[in-house]
Amino acid sequence: AGAAKDTATNNSNAAIQFSITSDTTKPTPTITSTQSSPTKANPINFQVTFDEYVTGFDQTDINLTGGTIVSGSFSGSGSNYSFNVTPTSDGTITVNIAAGAAKDTATNNSNAATQFSITSDRTAPVPTITTTSPTKSNTLAGTATDANTVTLVEVSTNNGSTFTTATGTTSWSLDISALNDGTYNVKIRTTDNAGNTATSENSTIQINRTAPTPTIT
């Protein structure tokens, strides 16, 4: 009060306080997925989270390679959005969101998101038996190949009734010294770090550790 006077020398009243918020900070989106990489999931779920409330963000603001957005899967408002992606094939799926995809309540354009990538892997490792038949070896050996990482190799010598974990992965072996001479139906079960598992077709391995006995007549 009293900051000014009118022509009759009346002191002015105090003004009603006025406040305004200055906001020049651009909202920032972060892209994540509920799946870890690599993943065998199909579709793969993605989330976009802004660090404040925004408007104007929609599916057309998502720049995607290696897959396609599932029709009708995009949803969200305010700060949180989600969508599902069908991988085109095994490989890398990359998601980008350019600057200016959304605005906050102060009309600041959003920053670009940090690029997000995830590997789609829906193919199980392929096993190979390198031990030739017949064999006198006490070890059954082989290999397994995968686009990512082989995590487990299991071997059955009874046509898949039971499996035993082999030693090694991409190069594996199994102690078969306890098996008697005879013919065995072998199957290999492999697993990779995306959780893909496959069992090979039956292979016949003959074990023969008995030396031939000559007869003189």
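Colleague: Help me understand the overall build of the protein in this model?
Modeller: From N to C terminus, the protein includes zero helices and 16 strands. For 217 residues, the compact-globule estimate of 2.2 N^0.38 gives 17 Å, and the C-alpha radius of gyration of the protein, at 33 Å, exceeds that figure by more than 25%. Expressed as lengths along the three principal axes of its C-alpha atoms, the size of the protein is roughly 150 × 35 × 25 Å. Taking all 217 residues of the protein together, the buried fraction comes to 31%. Considering only contacts in the protein between residues 6 or more positions apart, those separated by 24 or more positions represent 60%. As displayed, the protein offers around 12,600 Å² of accessible surface, 48% of which is attributable to carbon and sulfur atoms. Looking at the protein, you have 9 positive and 15 negative side-chain charges, and the mean spots of the two groups are 6 Å apart.

Colleague: Where do I start with empty space enclosed by the protein in this structure?
Modeller: With the rule as written, the count across this model stands at one cavity of 30 Å³ or more. Its boundaries defined by the atoms lining it, the largest cavity holds a volume of some 30 Å³. Lining the largest cavity we find Leu 140, Thr 157, Ile 176, Leu 179, Tyr 184, Val 186, Ile 205 and Ile 207. Contributions of two or more residues to the lining of the largest cavity are made by strand E14 (182-192) and strand E16 (203-207). Taken together, the residues of the lining of the largest cavity break down into seven nonpolar, one polar and no charged.

Colleague: What's the story with the nonpolar core in this structure? I'm lost.
Modeller: As a rule of thumb, nonpolar side chains are buried together in soluble globular proteins. The biggest cluster of nonpolar side chains holds 23 residues, and the ones touching the most others in it are Ile 31, Phe 46, Val 48, Phe 57 and Phe 83. Elements represented by at least two residues in this core include exactly strand E2 (44-55), strand E3 (62-65), strand E5 (75-87), strand E6 (91-97) and strand E8 (116-120). Tallying contributions element by element places E2 first for this core, with five residues. Every residue in contact with Phe 46, bar those within four places of it in the chain, is listed here: Ile 31, Thr 32, Ser 33, Tyr 81, Ser 82, Phe 83, Val 85, Ile 93, Val 95, Phe 116 and Ile 118. Grouped together as the second largest cluster of nonpolar side chains are 14 residues, Ala 144, Val 150, Tyr 184 and Ile 207 included.

Colleague: I keep staring at the sheet that holds E8 and nothing clicks. Help me out?
Modeller: Paired through backbone hydrogen bonds, the strands of a sheet run either parallel or antiparallel to each other. Read from one edge of the open sheet, three strands run E3-E6-E8, paired in antiparallel fashion. Every interior strand has two partners, whereas the edge strands, E3 and E8, have only one. Pairwise comparison of adjacent strand axes, ignoring direction, gives a mean angle of 20° for this sheet. In terms of strand pairing, E3 meets E6 through four bridges, oriented antiparallel. Bridge pairing in E6 places Thr 65 opposite Thr 94.

Colleague: Any chance you could explain the pattern of salt bridges here in plain terms?
Modeller: Oppositely charged side chains are able to pair whenever their charged atoms sit close together. Here the structure, examined in full by the defined rule, presents one salt bridge. One salt bridge connects Glu 154 with Arg 189, and the closest N-O pair in it is separated by 2.9 Å. Taken together, the residues Glu 154 in strand E11 (residues 150-156) and Arg 189 in strand E14 connect sequence positions 35 residues apart. Of the residues examined, Glu 154 reaches a relative accessible area of 13% and is grouped as buried.

Colleague: Is there a simple way to think about the packing of aromatic side chains in this case?
Modeller: Aromatic ring pairs are defined here through the distance separating the ring centres and the angle between the ring planes. The final tally for this structure, using the stated rule, is seven aromatic pairs. Ring plane angle 80° and centroid distance 6.0 Å describe the contact between Phe 50 and Tyr 81, whose orientation is recorded as edge-to-face. One end of the pair, Phe 50, is in strand E2; the other, Tyr 81, is in strand E5, and 31 residues separate them in sequence. When its relative accessible area of 3% is taken as the criterion, Phe 50 is described as buried. In textbook terms, an aromatic cluster arises when at least three aromatic residues are bridged by ring pairs, as seen for Phe 50, Phe 57, Phe 74 and Tyr 81. A cation sits over an aromatic face here: Arg 189 above Phe 163, 4.0 Å from the ring centre.

Colleague: Before we go on, may I ask you to explain the environment of Tyr 184 in this structure?
Modeller: As for its position among the elements, Tyr 184 is in strand E14. Looking at Tyr 184, the relative accessible area reads 18%, which means it is buried. Not counting residues up to four positions away in its chain, the partners in contact with Tyr 184 are Thr 157, Leu 179, Ser 203, Thr 204, Ile 205 and Ile 207. From its side chain, Tyr 184 meets the backbone oxygen of Asn 180 in a polar contact 2.7 Å long.

Cut-offs used in this document
- Residues numbered from 1 in each chain as written.
- Predicted model: local features only at pLDDT ≥ 70, side-chain atom pairs only at ≥ 80, totals over all residues.
- Heavy atoms only, no water.
- Helix = DSSP H or I, 4+ residues; strand = E, 2+ residues; numbered from the N terminus.
- Rg over C-alpha atoms; globule rule 2.2 N^0.38 Å.
- Buried < 20%, exposed > 50% of the residue type's maximum accessible area, 1.4 Å probe, protein only.
- Contact = heavy atoms within 4.5 Å.
- Areas by Shrake-Rupley, 256 points an atom, 1.4 Å probe, with all protein chains shown as cover.
- Lys, Arg positive; Asp, Glu negative; His and termini not counted.
- Charge placed at Lys NZ, Arg CZ, Asp CG, Glu CD.
- 1 Å grid on protein atoms, 1.4 Å probe; cavity = no way out; pocket = protein on both sides within 12 Å on 5 of 7 lines; lining within 4 Å.
- Points joined across faces, edges and corners; volume = space filled by probe spheres on them.
- Nonpolar A, V, L, I, M, F, W, Y, C, P; charged D, E, K, R; others polar.
- Core = buried A, V, L, I, M, F, W, Y, C linked by side-chain atoms within 4.5 Å.
- Pairing = 2+ DSSP bridges.
- Axes fitted to C-alpha atoms, helices over the stretch in contact; angles between N-to-C directions.
- Salt bridge = Lys/Arg side-chain N within 4 Å of Asp/Glu carboxyl O.
- Phe/Tyr/Trp six-rings, centres within 6.5 Å; stacked < 30°, edge-to-face > 60°.
- Lys NZ or Arg CZ within 6 Å of the ring centre and 35° of its normal.
- Polar contact = N/O pair within 3.5 Å; in protein donor to acceptor, adjacent residues only side chain to side chain.

As far as function goes, none of this settles anything; it's purely spatial.
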